[in-house]
Amino acid sequence: MEAPMPELVRLTFEQDVAVITVDNPPVNALSPGVPEGIAAAVERAVAQESVRAIVLTGAGKTFIAGADIREFAKIVSGERPPLNLLPYLQVIEDSSKPVVVAIHGSALGGGLETALCGHYRVMARQAQIGQPEIKLGLIPGAGGTQRLPRLAGVAKALELCAGGEPIRADEAVSLGIADRLVEGEVLAGALAFAREIAGAPFRKTRERNEKLRDADTALFVKAKQEAAKRMRGQKAPLAAIEAIAAAVELPFAEGCAREAELFTECLHGTQSRAMIHVFFGERTVSKIPGISTEVKPRAIERAAVVGAGTMGTGIAMTYANAGIPVRLKETSEEALERGMANIRRNYAATVAKGRLTEEEAARRLARITPQLDYQGFEQADIITEAVFESMPVKKQVWSELDRVAKDHCVLATNTSGLDIDEIASATQRPEQVIGNHFFSPAHVMRLVEIVRGKATDDETTVTSMALGKKLGKISVLAGNCRGFIGNRMIAPYLREAHFLVEEGASVEEVNDALYDFGMAMGPLAVDDLSGLDISYAIRKEFARFEKPGVRKALVPDLLCERGYFGQKTGRGWSLYDANRRPAPSPETAALIEKTAREAGIQRRSIPQKEIVERCIYALVNEGARLLEEGVALRAVDIDITYLNGYGFPVWRGGPMFYADTVGLKKVLQRVEELKEQHGPDLWEPAPLLKRLGENGGTFGQFDRDRAG
Ligand code: 3H9
């Protein structure tokens, strides 16, 4: 008796065409049983005499979104055997009856590799295909690097496999990856196509070698250079390029073997573990424990923003870009015009770069209504206040807004660290007040910290989180404390960078050490970019929290007193030319040396390793405190904050994940040493770090335990 077909894959018949449907919600991943099911279904369809062609499709809203990412950790730990999809997929390619793959939604990673084994592909207009494995620190491991260049050509395959970005159906057709664009229902289009080609000769993708001949060495050299620049520090893009080189140089089977070797190397590396952690982390941060699923987000159809400075204009553009009409208020004609000019300049630059059509830019601009009064604010579903970062100013604005905002309006304050509860106290409805900490430039940066005050109600929280998604942002929920997650952690990180230069490291050594670690910019370069005057103002605002007698960096205030605010004044920690290119500043170096000497700080040459450890472990130690206090819900929330708002390298997984890879015992030991050297006020290990470090724990395990 024949074994029953796994339910994950169904075989049905539409007269002379067999239809194989993968049904593995939510995204039809190639979980155990799916590849086997597809191969078995193909064999059964081939054996059925009346069948002239086969259509392979996905149930629900997508084709196959790839291998099951949840399986990878089990393979690495040895709990599951290595994944070898090739033999199953080859059954599709070896079918004696033509296989037409019907793609709607996404065909990504192993999903595209499955599709490439079909003899034809038809795509819905909105569908996308891609090899995004490098975003998981992996390379295509089921023949993608071997078959894709045979269909798309080597140059395009390099771009897709080493760049990771998906492409749309029309491009897939023009490249020869897909054969037809289907308007309307994709399965109907695929059935019609199958009947057209049934009976005609067809070819196996692995035998289509013509396009491999276009390749030359220069193409690979250029691809490697680009990958090294755009994805600095990442191993997978280079491995993907090497695997495509194997497609050109070796016969198909040997090329596949090389691909498998490279895939396995990546899979067992730390980078892929880190990037898979990030993939799931980006989805985890939207889940808020303790809020019932009954609480639904309110619709946000109209927005209003107060303040047309850098943040306010960026936030207004963010709403406009997401299709939400927005009123933008300023107090003077001049400030309003400056803000609108900034917005127009931004859109014009995006059009000039070819990233937006002129028509679309005009539509977005038209969604922004500049004004000097509160007209129309009573209709807004959310009001975002983005005025100057000063408590009295914000409270004044909120007392006015409270009078004009409608019932159930989300009252969002854009602050990078002020007390949300105090701001909320200026209104009669603190339960509707929430922090929305956007990062500059707000229309570009992905991160928004959503800050819950003590009175903020669940509906406001859920609405803010859902809105973040609609705006194309990653929203991380934070508790209300000075600096929230991101800026509270950045304070000790920058503190160490400042101390290090005073102790003898040069500005360039500090910047280079962290840049080489993988940070998008060195800490002092970030300081210069964001403006030394900004941190100066924050230091003054929070001076009352400082503990007397604790060491403070001396040079940052001195730079500000000289009017050296960083890039905007052409000098700060470094010197900047008209194009904002940095050069060492002898004057700053002399100021640092003199200040340190006068303060009796012993100067020495500082190894790169110490620079990195002091800055990064300062982050980790503060992160551990935030976790224990509940300001951050999970360690992964801290990681996602740092990756998307602070330029932490994605391939290290975020500061807390990185600390886990170093080993918390080791991190703790080093923090204890630093405490010996610099005192407990600066380096007292966070109790959580101490506990985990002493008991062999990890932040990852802490998250799992907290989740229950
Ligand atoms: C690969 O294929 C390697 C191969 O070369 C073969 C090697 C041998 N597996 O994103 P969403 C979950 S590597 C497991 O919110 P959307 C996701 O976690 C893979 N789970 O939906 C979430 O779960 P939850 C290459 C997956 O509509 C739920 O599905 N492929 C997978 O916004 C919904 O996801 C990729 O990298 C998966 N492959 O976006 C594609 N995919 O509800 C990865 C998703 O519990 N996936 N989940 O939080 C995506 O890019 C998006 O999910 C997609 C849909 C665009 C498909």
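Refer to the preceding data block for the structure.
The notes below deal with the structure included here. Sequence order as written defines the numbering, with residues in each chain counted from 1. With pLDDT at 70 or above as the cut-off, local features in this predicted model cover only qualifying residues; side-chain atom pairs require 80 or more to be listed or tallied, and sums for whole chains, interfaces and linings still use all residues. The side-chain figures draw on all heavy atoms in the structure; neither hydrogens nor water molecules are used.

The subject of this paragraph is unusual backbone geometry. What is expected of a backbone is that most residues other than glycine have negative phi and most peptide bonds are trans. Following proline 25, the chain continues to proline 26 via a peptide bond in cis, the omega torsion being 5°. Mapped onto the elements of the fold, proline 26 is located in the loop between β2 (17-22) and α1 (34-47). Note the cis peptide between serine 440 and proline 441, where omega equals -10°. Each helix corresponds to a stretch of at least 4 residues labelled H or I by DSSP, and each strand to a stretch of at least 2 residues labelled E; elements are numbered beginning at the N terminus. Secondary-structure assignment places proline 441 in the loop between β15 (433-438) and β16 (447-452). The backbone of histidine 408 shows a phi angle near 65°, a positive value even though the residue is not glycine. Positive phi values are uncommon outside glycine, yet arginine 580 reaches one of about 60°.

A few words now on the pattern of salt bridges. For side chains bearing opposite charge, pairing can occur when the charged atoms are close. Within this document, salt bridges are pairs made up of a side-chain nitrogen of Lys or Arg and a carboxyl oxygen of Asp or Glu, the two lying within 4 Å of each other. Within the structure shown, the criterion is met by 55 salt bridges. With a shortest N-O distance of 2.7 Å, glutamate 196 and arginine 180 are connected by a salt bridge. Placement of the pair is glutamate 196 in helix α8 (residues 186-197) and arginine 180 in strand β9 (residues 180-182), with a sequence separation of 16 residues. Relative accessible area decides the class of each residue, using a 1.4 Å probe on protein chains only: under 20% of the type maximum gives buried, over 50% gives exposed, and in between gives partly exposed. Using a relative accessible area of 29% as the deciding quantity, one classes arginine 180 as partly exposed. A single salt-bridge network, built from bridges that share partners, covers Arg495, Glu496, Glu502, Glu503, Arg551, Arg604, Glu610 and Arg614.

This next bit is on the site of the ligand. Near residues are defined by distance, with any heavy atom within 4 Å of the molecule or strand qualifying the residue. What surrounds the ligand is a group of 28 residues, the closest being Gly110, Glu113, Glu133, Arg283 and Lys287. Here an oxygen atom of the ligand sits 2.7 Å away from a polar atom, N or O, in the side chain of glutamate 133. Tallying contributions element by element places helix α12 (residues 270-284) first for the shell around the ligand, with three residues. Think of a polar contact as two N or O atoms within 3.5 Å of one another; within protein, one of them needs to be a possible hydrogen donor and the other a possible acceptor, and neighboring residues in sequence only count if both atoms come from side chains.

Most of helix α27 (residues 655-662) is tucked away, with six of its eight residues classed as buried. Those residues of α27 that sit buried are Pro655, Met656, Phe657, Tyr658, Ala659 and Asp660. Positive backbone phi, approximately 105°, marks glycine 663, located one or two places after α27.

On to helix α20 (residues 507-517), then. Val507, Val510, Asn511, Ala513, Leu514 and Phe517 are the residues of α20 that are buried. The buried residues of α20 occupy an angular sector of 160° when projected down its axis, which confines them to one face. Throughout, a contact is declared for two residues whenever any of their heavy atoms are within 4.5 Å. On its buried face, α20 is in contact with α19 (486-502), α21 (523-530), β18 (574-576), α24 (586-598), α25 (608-629) and α27. An arc is given here, and it is the one of the directions from the helix axis to the C-beta atoms.

The subject of this paragraph is the packing of aromatic side chains. Stacked, tilted and edge-to-face are the three classes applied to pairs of Phe, Tyr and Trp rings, where Trp contributes its six-membered ring and a pair requires centres within 6.5 Å; stacked means planes under 30 degrees apart, edge-to-face means over 60, and tilted covers the rest. Tallied over the entire structure, the rule returns eight aromatic pairs. Arranged with centres 5.4 Å apart and planes meeting at 80°, the rings of phenylalanine 439 and tyrosine 646 form a pair that is edge-to-face. Taken together, the residues span a long stretch of sequence, with phenylalanine 439 in the loop between β15 and β16 and tyrosine 646 in the loop between α26 (635-645) and α27 at a distance of 207 residues. Take phenylalanine 439 and tyrosine 646: they sit in the same class, and that class is buried. Between tyrosine 642 and tyrosine 646, the aromatic rings sit 4.4 Å apart at their centres with planes inclined by 15°, giving stacked as the arrangement. On the accessibility criterion, tyrosine 642 (1% relative accessible area) is buried. A residue is classified by how much of its surface remains accessible, and tyrosine 646, at 15% relative accessible area, is buried. Among the aromatic residues, those joined into a cluster by ring pairs are Phe439, Tyr642 and Tyr646. The ring of tyrosine 374 carries the charged tip of lysine 329 above its face, separated from the ring centre by 4.8 Å. Distance and angle both matter: a charge sits over a ring if NZ of Lys or CZ of Arg is within 6 Å of the ring centre and within 35 degrees of the ring normal. One residue, arginine 495, lies across the ring of tryptophan 683, its end atom 5.6 Å from the ring centre.

What follows covers the side chain of glutamine 234. Positionally, glutamine 234 belongs in the loop between α9 (217-230) and α10 (236-249). The exposure class assigned to glutamine 234 is buried, which follows from its relative accessible area of 12%. For glutamine 234, the contacting residues outside a window of four places in its chain are Ile134, Gln271, Met275, Val650 and Trp651.

Next up on the list: the environment of glutamine 128. Within the secondary structure layout, glutamine 128 lies in strand β7 (residues 128-130). When sequence neighbours within four positions are dropped, the list of residues in contact with glutamine 128 reads Gly105, Ser106, Ala107, Leu108, Met123, Pro166, Ile167 and Arg168. In terms of polar contacts, glutamine 128 uses its side chain to reach the side chain of serine 106, at 3.0 Å.

This paragraph deals with the sheet that holds strand β8 (residues 167-168). Pairing in this open sheet of three strands is mixed, and the strands run β5-β7-β8 from one edge to the other. Looking at strand neighbours, the two that pair on one side only are β5 (106-108) and β8, the edges of this open sheet. By the bridge criterion, two bridges tie β7 to β8 in an arrangement that is antiparallel. Looking at the pairing, glutamine 128 lines up with arginine 168 of β8. Strands are labelled as partners when DSSP assigns at least two bridges between them.

What follows is about the nonpolar core. With 95 residues, the main nonpolar core has Ile616 and Phe699 as its most contacted residues. In terms of residue count, α25 provides more of this core than any other element does, eleven residues in total. Setting aside its immediate chain neighbours within four residues, phenylalanine 699 contacts Val620, Ala624, Leu627, Ala635, Met656, Ala659, Asp660, Leu664, Leu688, Leu689 and Leu692. For the purposes of this section, nonpolar cores are sets of buried Ala, Val, Leu, Ile, Met, Phe, Trp, Tyr and Cys residues that join through side-chain atoms within 4.5 Å. One finds Ile75, Val100, Leu151 and Ala169 within the second-largest nonpolar core, a separate group that totals 90 residues.

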